[in-house]
Amino acid sequence: MKQVLSLSLLVAMSASTVFAQTPAAKAPAPAANAVAKAARQATPSADQFFPIEQVKPGMRAVGYTVFEGSEPRKFELQILGVMKGFPSPGQNAVLSKLLGEEFQHIGVFAGISGSPVYIDGKLLGAIAFGYPFAKDAIGGITPIQQMVEVFEQKQLEKGQPGNKPRPVSFSEIAFNENSTELKSFVERMNRPNSGAQAVSGPGNQMLAPLAAPLAITGVSPEVVARFAAQFQALGLNPVAGVAGAAEITEMKKADANTLKPGSTVVVSLVRGDFSISAAGTVTLRDGNRIYAFGHPWLSIGVADFPMLEGEVITVLANQNSSFKLVSPTATVGAISGDRSTGVYGELGVSARMVPVEINLQTSRGEHKNYKFEMVIDRFLTPVLTQMTVLATIGSTERTLGDSTLQIRNRIKVKDQPEIMLENRLSTSMNAPLAAALAISQPLNALLNSGFEGMTIEGVKLDITSRDARKRGSLDRLWINQTEVKRGEKLEIQAFARTESGAEFLERIPVQIPADAPLGQLQVIVSDGAALQASEPRTGFTPKSLAQLVRELNKLRKADRLYVRLARSETGAVINNEELPNLPPSVLATLGSDRTTGGYTLLRAVTVLEQELPPAEFVIAGQRTLTVNVVNN
């Protein structure tokens, strides 16, 4: 029923030889002592930090980052000068040159972001910027004072104004082959992967924040390629199949060596059977408080992401920008801030995640079970859902050729009834992609609803795949009588034709309600998606979370037929409730010059609606007849 265009999107990743690490040299005092001292310091003070006012060209500095394993290693820098008003008014950055043979080979690489830089044993700031395609290892340093100050200010709580309830389009969530959402999604996924070029192309000579390497495991390179542009637009450099999975484990108790300055910090987006995580470097540890990156990660302000330790496999040289290959290890806290000068986290704090379970019955009769957790974020969660669903189905099922996917989607929202959705997709062109979009749309509606206290406690997906396309269309209707009495049964015969030309007959008994109004009734037989699209309340602003959950549970299934009896009658939909047969005085008030918005006028009112059992094939179409209700 739903036809999705074939997608062919490849990621160009030019990876040259792996940088061979030399044995780490012992760092002489006072620089080595500065690293240890920063980790032990209870409260940062001005005495710890090197004043940017005293920075002069030609000064020498030392920095720390992990090149391999988990232990930070020293490197040297030469200060080139101070860039005032960069990257924005009121801020400054220090331009420097990273010294040493390794930097002549790898340059300023992704994953070094946050690496602490010291002058005379005092912390200057974090390496955070670089020039794409630069022959020299020139990097920008964010002053530590700017990193600390931005997180000393009171952060807005989640759910405050700025994320208000918004209109929800149920015609999109119901999902049909002609939906604008699907066409836009397919167009975006087919677009050439040019997200990185817009920021760091050969013609771009801007000093830019270093991309965070995004390690992805459990997801094929082909699937990663489809989403690469979206991640690159967020400042992330996706790397497939290079890091171990982040297991769902108990939080590790922090000690003096946990996330010390210069060590690798990992921000986890997905962990479990799938793993998606970004890596950077710790700039400062202040007790249990962690400052890192030196530039915004996603720039989302208030955040709630797991914070992990990590091990560096190696640094991979690349013509555009070299990057660290990082494997996440133990969970030690949570990232709670992501702003213009870096990220902020706390040790010992747990991030809230959504547990997800996917059960896949393959076309060959195998059962696959996947369990993982995802971050809760209104921008990231729908994209991560699409990626993991596409990876799940695509790992065993075809993307081209005849395919039918039966989907049962269960979403548990705290203190609300379980949301239960069903869908069946039958197509010859990339059914997994269509399924990924259909599954993510209800989550998108919930996460963007703006209601305080909206907590998704779990998602469970049951997907059954068949290597066959079974579709048909509603051809015609026949009724046994055109005049019926109240309470009498009416038989509708619906004729459907499959794509092979075979004709099927469905006999549908419908009982006319005992209180049905006299006169003409429309008999509408329609597939769920078409009927949903014809709703006068297709787009509405929910007034409460309970109302949104209730409406999601009322969504019609797109793969089967519904029978609706409707009468031409003037009414209105107010607060998404259908109010038929309103008095003329009420309608006049709604239609006056003193009233606007908050209602939708009705020209037809539903008398009865019933759902038919699913057929052996996905059926689409809509047909209408008229009967006359007479006195008994």
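Before any of the text, the structure's been laid out above.
All values reported here derive from a predicted model rather than from experimental measurement. (Residues numbered from 1 in each chain as written. Predicted model: local features only at pLDDT ≥ 70, side-chain atom pairs only at ≥ 80, totals over all residues. Heavy atoms only, no water.)

J.: Could you give an account of the overall build of the protein chain, with specific residues and numbers?
T.: For the protein chain, the count of helices and strands is 12 helices and 33 strands. A burial count over the protein chain gives 53% of its 632 residues as buried. Carbon and sulfur atoms make up 49% of the accessible area of the protein chain, which totals about 27,100 Å². (Helix = DSSP H or I, 4+ residues; strand = E, 2+ residues; numbered from the N terminus. Buried < 20%, exposed > 50% of the residue type's maximum accessible area, 1.4 Å probe, protein only. Areas by Shrake-Rupley, 256 points an atom, 1.4 Å probe, with all protein chains shown as cover.)

J.: Tell me about the nonpolar core, and please be specific about residues and values.
T.: Leu269, Trp297, Phe305, Leu384, Leu446 and Ile456 are the most contacted members of the largest nonpolar core, which has 75 residues in total. The element best represented in this core is helix H9 (residues 431–447), accounting for 9 residues. Among all residues touching phenylalanine 305, those that are not within four sequence positions of it are Val267, Ser268, Trp297, Leu298, Ile300, Gly333, Ala334, Ile335, Ala351, Val375, Asp377 and Leu380. Membership of the second largest hydrophobic core comes to 24 residues, among which are Ile52, Phe75, Val94 and Ile127. (Core = buried A, V, L, I, M, F, W, Y, C linked by side-chain atoms within 4.5 Å. Contact = heavy atoms within 4.5 Å.)

J.: Give me the sheet that holds strand S23 (residues 471–479): which residues, what numbers.
T.: Spatially, the 4 strands line up as an open sheet ordered S26-S25-S23-S32, and their pairing is mixed. Each of the sheet's edge strands pairs with one partner strand only, and the pair in question is strand S26 (503–511) and strand S32 (618–620). Each neighbouring strand pair of the sheet contributes to a mean axis angle of 35 degrees, computed without reference to strand direction. Bridge count between S23 and strand S25 (residues 489–498): 7 bridges; the pairing is antiparallel. By the bridge assignment, leucine 474 is partnered in S25 with alanine 496. (Pairing = 2+ DSSP bridges. Axes fitted to C-alpha atoms, helices over the stretch in contact; angles between N-to-C directions.)

J.: Give a detailed account of the side chain of aspartate 286, specifying residues and quantitative values.
T.: Assignment of secondary structure puts aspartate 286 in strand S13 (residues 275–286). Aspartate 286 gets classed as buried once you look at its relative accessible area, which sits at 2%. Within the local environment of aspartate 286, its side chain forms a polar contact with the side chain of arginine 289, the two groups lying 2.4 Å apart. (Polar contact = N/O pair within 3.5 Å; in protein donor to acceptor, adjacent residues only side chain to side chain.)

J.: Tell me about unusual backbone geometry, and name the residues and values.
T.: Cis peptide bonds are those with omega within 30 degrees of zero, and the linkage from phenylalanine 86 to proline 87 qualifies with 5 degrees. Its location among the elements puts proline 87 in the loop between strand S3 (73–84) and strand S4 (92–99). Residues other than glycine seldom take positive phi values, yet leucine 259 does so here, at roughly 45 degrees. Note that leucine 259 resides in the loop between strand S11 (236–240) and strand S12 (264–272).

J.: Explain H9 to me, and be specific about the residues and the numbers.
T.: Given a rise of 1.5 Å per residue, 17 residues ought to cover 24 Å, and the 25 Å separating the end C-alpha atoms of H9 matches this to within 8%. Most of H9 sits inside the fold, with 16 of its 17 residues counted as buried. (Expected span 1.5 Å × (residues − 1).)

J.: Before we move on, could you go through the pairing of S26 and cite the residues and values that matter?
T.: Relative to S26, S25 is paired through 9 bridges, and the arrangement is antiparallel. Within the sheet, the bridge partner assigned to phenylalanine 495 lies in S26 and is leucine 505.

J.: So what's going on with the pattern of salt bridges? Residues and values would help.
T.: Under the counting rule described, the total for this entry stands at 23 salt bridges. Between glutamate 76 and arginine 60 there is a salt bridge, with the nearest N and O atoms lying 3.9 Å from each other. Here glutamate 76 is found in strand S3, whereas its partner arginine 60 is found in strand S2 (residues 60–65), with 16 residues between them in sequence. Under the relative-accessibility criterion, arginine 60 is labelled exposed at 53%. Taking the shortest distance from any N to any O, the salt bridge between glutamate 71 and lysine 260 comes out at 2.8 Å. With a gap of 189 residues between them, glutamate 71 in the loop between S2 and S3 and lysine 260 in the loop between S11 and S12 connect regions that are remote in the sequence. With relative accessibility at 49%, the residue glutamate 71 sits in the partly exposed group. By relative accessible area, lysine 260 is classed as buried at 14%. Within the structure, one salt-bridge network assembled from shared partners comprises Glu422, Arg424, Lys557, Asp559, Arg560 and Glu611. (Salt bridge = Lys/Arg side-chain N within 4 Å of Asp/Glu carboxyl O.)

J.: Go over the packing of helix H8 (residues 380–394) against H9 with me, naming the residues and quoting the values.
T.: For the pair H8 and H9, the least separation of the axes is 8 Å and the interaxial angle reads 155 degrees. By the angle between their directions, the pair H8 and H9 is classed as roughly antiparallel. Read as a crossing pair, H8 and H9 show a hand that is right-handed. Across from Thr381, Pro382, Thr385, Gln386, Val389, Leu390 and Ile393 in H8, the residues of H9 making contact are Pro432, Leu433, Ala435, Ala436, Leu437, Ile439, Ser440, Leu443, Asn444 and Leu447. For the contact of H8 with H9, a count of residues per class yields 12 nonpolar, 5 polar and no charged. (Parallel < 35°, antiparallel > 145°, perpendicular 65-115°, else oblique. Left-handed = near helix turned anticlockwise from the far one by under 90°. Nonpolar A, V, L, I, M, F, W, Y, C, P; charged D, E, K, R; others polar.)

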